[in-house]
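Residue-level structural notes
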Amino acid sequence: MRLFFCPEQLAHRPAQFMIAGRLVPSLEAPERCERVVESLTRASYKVEQPRRDFPFELIEQVHSPGYLEFLRGGWERWSALKNPSPEIVPNVHPYRGSGDDFTPRKGPRAASPVAQAGYYLGDLACPVGEHTWRSAVAAAHTALAAAESVFAGEHAAYAVCRPPGHHAQADRAAGFCYLNNVAIAAEFMLPHFKRVAILDVDTHHGDGTQSIFYRRGEVQFVSIHVDPTNYYPFFSGYADEYGAGEGEGANLNIPLQPGSGDADFLDALDDALEAIRAHRSEALLVSVGFDAHERDPLSVLKITNDGYRRIGDAVAALKLPTVLVQEGGYNLDLLGANVVAFIGGFNLASRM
Ligand SMILES: [Zn+2]
């Protein structure tokens, strides 16, 4: 398995996010990646830097031009406001949404950076700072490098990505996410494989990824996560979201009740893997989040370190070319060990 990490991902340093109405220091810190790379190196894995000359069109395949322009140039325009905060935080929101079928929005009429912040930033967990764009593009390139190595013949590759990506919609940042790394990697895989599946095992529903592929049949999306009735991202992730149009039947959500542990998660994973086999995908991408761990500050599940080893083991049993893209996981003391456990489980099962 090849592993990729780009140090430019460390430049983005969001100051705060809002949880239950309180602004608190952001949990999505650059140290997350530093700890993971340290743990991987200690476990004798070689971590490579991705190439940085991937065509920009690969990102444009997933995200709208107006949104990308906002992420790239918004901070400079925001900084020209009278007495602005050091990072873009929205204070207005439009009424218009994208509709139940997730058709893309047209873009805002207003040019003000305040209006654009409200339009393109979905919540208070995705402030845009001076270095956000640079790090988000570096994260996308890290996922692209992993995908490229897999369609060039590597059995599997792991992308140490941050900021994470699975809450990013085609035209909206949310939940610490700006560019949808796994979706960008999936588009890059498609010319090489007829059908691909994206499995999302982060504790939060991958609402951004779901919406990007909701009407597509060749990309199946399967997510195991906490029941969103009382948990972020609240507005999608329910079991009756099956996909639409050509994508009908290619979307599967498996919500878990708070308090669920390894056995419940692995049961749900059995169902997820059965659905992926039935879709006859030729390659797999996995949004790997570690925030379901019993001691993660955002977790209401009880997954253990050994649980992550068993999840890695079960995913490898699909025997598909596999791109592993890192998403959440916020306990700095345990994140690296959980990544190493997952990769260890995956590698051991791959050899059998
Ligand atoms: Zn998460």
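Residue numbers run consecutively from 1 along every chain, following the written order of its sequence. pLDDT decides what is reported in this predicted model: residues at 70 or higher carry local features, side-chain atom pairs at 80 or more are listed and counted, and totals for whole chains, interfaces and linings draw on all residues regardless. The side-chain values count all of the structure's non-hydrogen atoms but skip hydrogen atoms and water molecules.

**Comments concerning the sheet that holds strand S1 (residues 2-4)**
- Reading across the sheet, the eight strands line up as S4-S1-S5-S10-S9-S6-S7-S8 and stay open at both edges, with parallel pairing between neighbours. Two strands close off the open sheet at either side, each with one partner strand: strand S4 (47-48) and strand S8 (251-256).
- Two strands pair if DSSP finds at least two bridges between them. Working definition: helices are DSSP H or I runs of at least four residues, strands are E runs of at least two. Numbering for both runs from the N terminus. In terms of strand pairing, strand S5 (residues 156-159) meets strand S10 (residues 322-326) through four bridges, oriented parallel. Each residue of the ladder has a partner; that of Ala156, found in S10, is Thr322.

**Points about the coordination of the zinc ion**
- Donor atoms are limited to N, O and S found within 2.8 Å of the metal ion, a distance that becomes 3.2 Å for Na, K and Ca. With water left out, some sites might look partial. Ligation of the zinc ion by protein atoms is provided by Asp202 (OD), His204 (ND1) and Asp291 (OD), these donors lying 2.0 to 2.1 Å from the ion.
- Each donor residue of the zinc ion belongs to the same chain, and together they define the spacing D-x1-H-x86-D. With a gap of 87 residues between them, His204 in the loop between strand S6 (196-200) and helix H7 (207-213) and Asp291 in the loop between strand S9 (283-288) and helix H9 (305-316) connect regions that are remote in the sequence.

**Some words on the side chain of Glu87**
- Topologically, Glu87 is positioned in the loop between helix H3 (65-79) and helix H4 (113-120).
- At 9.5 Å, Arg162 is the nearest oppositely charged side chain to Glu87, a buried residue that forms no salt bridge.
- A 3.5 Å cut-off defines polar contacts: any pair of N or O atoms within that distance qualifies, except that in protein one atom must be a possible hydrogen donor and the other a possible acceptor, and neighbouring residues in sequence count only when both atoms are side-chain atoms. At a separation of 3.1 Å, a polar atom in the side chain of Glu87 contacts the main-chain amide nitrogen of Ala15.
- In this view, Glu87 contacts Arg13, Pro14, Ala15, Gln16, Trp75, Trp78, Pro127, Val128 and Gly129; residues no more than four positions away in its chain are not counted. Burial classes: relative accessible area under 20% of the type maximum marks a residue as buried, over 50% as exposed, and values in between as partly exposed (1.4 Å probe, protein chains only). Only four residue types enter the tally: Lys and Arg on the positive side, Asp and Glu on the negative side, with His and both chain ends excluded. Whenever Lys or Arg places a side-chain nitrogen within 4 Å of a carboxyl oxygen from Asp or Glu, that contact is recorded as a salt bridge. The contact definition used throughout considers only heavy atoms, calling two residues in contact when any of these lie within 4.5 Å.

**Regarding the pattern of salt bridges**
- According to the stated counting rule, one finds 16 salt bridges in the structure shown.
- Between Arg13 and Glu31 there is a salt bridge; the shortest N-O distance is 3.0 Å. With Arg13 in the loop between S1 and strand S2 (16-19) and Glu31 in helix H1 (residues 31-42), this residue pair connects regions lying 18 residues apart in the sequence.
- A relative accessible area of 53% means that Arg13 is categorised as exposed.
- Where Arg309 meets Asp306, a salt bridge forms, and the shortest distance between an N and an O atom there is 2.7 Å.

**A closer look at the packing of helix H5 (residues 132-151) against helix H6 (residues 181-189)**
- All axes are obtained by fitting lines to C-alpha atoms, using only the stretch in contact for helices, and the reported angles, taken between N-to-C directions, cover 0 to 180 degrees. Where H5 contacts H6, the axes come no closer than 9 Å and their chain directions differ by 35 degrees. In this structure, H5 meets H6 at a crossing whose hand is right-handed. Together, Ala136, Ala139, Ala140, Ala143, Leu144, Ala147, Glu148, Val150 and Phe151 of H5 and Asn181, Ile184, Ala185, Phe188 and Met189 of H6 make up the contact between the two elements.
- Gly falls in the polar group here, along with every residue not listed as nonpolar (Ala, Val, Leu, Ile, Met, Phe, Trp, Tyr, Cys, Pro) or charged (Asp, Glu, Lys, Arg). By residue class, the composition of the contact of H5 with H6 is twelve nonpolar, one polar and one charged. Put simply, a crossing is left-handed when the front helix is turned counterclockwise from the back one by less than a right angle, and right-handed when it is turned clockwise.

**Brief notes about H6**
- Counting buried residues along H6, nine of its nine residues qualify, which places the element largely inside the surrounding structure.
- If you check which residues of H6 are buried, you get Asn181, Val182, Ala183, Ile184, Ala185, Ala186, Glu187, Phe188 and Met189.
- The elements touched by buried residues of H6 are helix H2 (57-60), H5, S6, H7, S9 and S10.

**Quick word on a negative patch on the surface**
- Patches draw on residues past 30% relative accessible area with no salt bridge. Two like charges within 9 Å are joined, as are two nonpolar side chains (Val, Leu, Ile, Met, Phe, Trp, Tyr) within 5 Å. Surface accessibility in these figures is a Shrake-Rupley result with a 1.4 Å probe; residues are shielded only by whichever protein chains are displayed. In this description, the location of a charge corresponds to atom NZ of lysine, CZ of arginine, CG of aspartate or CD of glutamate. On the surface, Asp264, Asp267, Asp270, Asp271 and Glu274 cluster together into a patch of negative charge.
- Structurally, Asp270 can be placed in helix H8 (residues 262-279).

**Points about the layout of surface pockets**
- Put simply, the second largest pocket is a space of about 310 Å³.
- Arg96, Gly107, Pro108, Arg109 and Tyr119 are the residues nearest the centre of the second largest pocket, which is lined by 13 residues in total.
- Across the lining of the second largest pocket, the residue classes break down as seven nonpolar, two polar and four charged. Residues are called lining when one of their atoms sits within 4 Å of a cavity or pocket point, these points coming from a 1 Å grid over the protein atoms alone, where a cavity is a set in which a 1.4 Å probe fits but cannot get out and a pocket is an open set with protein on both sides within 12 Å along at least five of seven lines. Grid points are joined across faces, edges and corners, and a volume is the space filled by probe spheres set on the points.

**What about the pairing of strand S7 (residues 219-226)?**
- Most of S7 sits out of view: eight of its eight residues are buried.
- Here the term right-handed applies to a crossover when the path leading from its first strand over the helix to its second strand runs clockwise, the strands being oriented away from the viewer. Each parallel crossover has a hand, and for S6 linked through H7 to S7 it is right-handed.
- Of the pairings in the sheet, the one linking S7 to S8 comprises six bridges and is parallel in character. Directly across from Val226, in S8, lies its bridge partner Leu256.

**Some words on the packing of H1 against helix H10 (residues 335-351)**
- Interaxial distance between H1 and H10 falls to 8 Å at its minimum, and their mutual angle equals 50 degrees. As the angle between them shows, H1 and H10 are arranged oblique. When you trace H1 past H10, the crossing you get is right-handed. Contacts from Arg32, Arg35, Val36, Ser39 and Leu40 in H1 reach Leu335, Gly336, Ala337, Val339, Val340 and Ile343 in H10.
- Split by residue class, the contact of H1 with H10 holds seven nonpolar, two polar and two charged. Roughly parallel refers to an angle under 35 degrees, roughly antiparallel to one over 145, roughly perpendicular to one between 65 and 115, and oblique to any angle outside these ranges.

**Topic: the packing of aromatic side chains**
- Each pair of aromatic rings taken from Phe, Tyr and Trp, with Trp reduced to its six-membered ring, is defined by centres within 6.5 Å and is described as stacked if the planes are under 30 degrees apart, edge-to-face if over 60, and tilted in the remaining cases. Tallying each qualifying case throughout the model produces twelve aromatic pairs.
- Note on Phe176 and Tyr330: the rings are 5.3 Å apart at their centroids and 55 degrees apart in plane angle, and the pair reads as tilted. Here Tyr330 lies in the loop between S10 and H10 and Phe176 lies in the loop between S5 and H6, a separation of 154 residues in the sequence.
- Given a relative accessible area of 7%, Phe176 falls into the buried group.
- Aromatic rings pair up to connect Tyr67, Phe70, Tyr119 and Tyr120 into one cluster.
- Two limits define a charge over a ring: the Lys NZ or Arg CZ must be within 6 Å of the ring centre, and within 35 degrees of the ring normal. Positioned above the aromatic ring of Phe54, the side-chain terminus of Arg51 is 4.0 Å from the ring centre.
- It is Arg105 that lies over the ring of Tyr119; its NZ or CZ is 4.0 Å from the centre.

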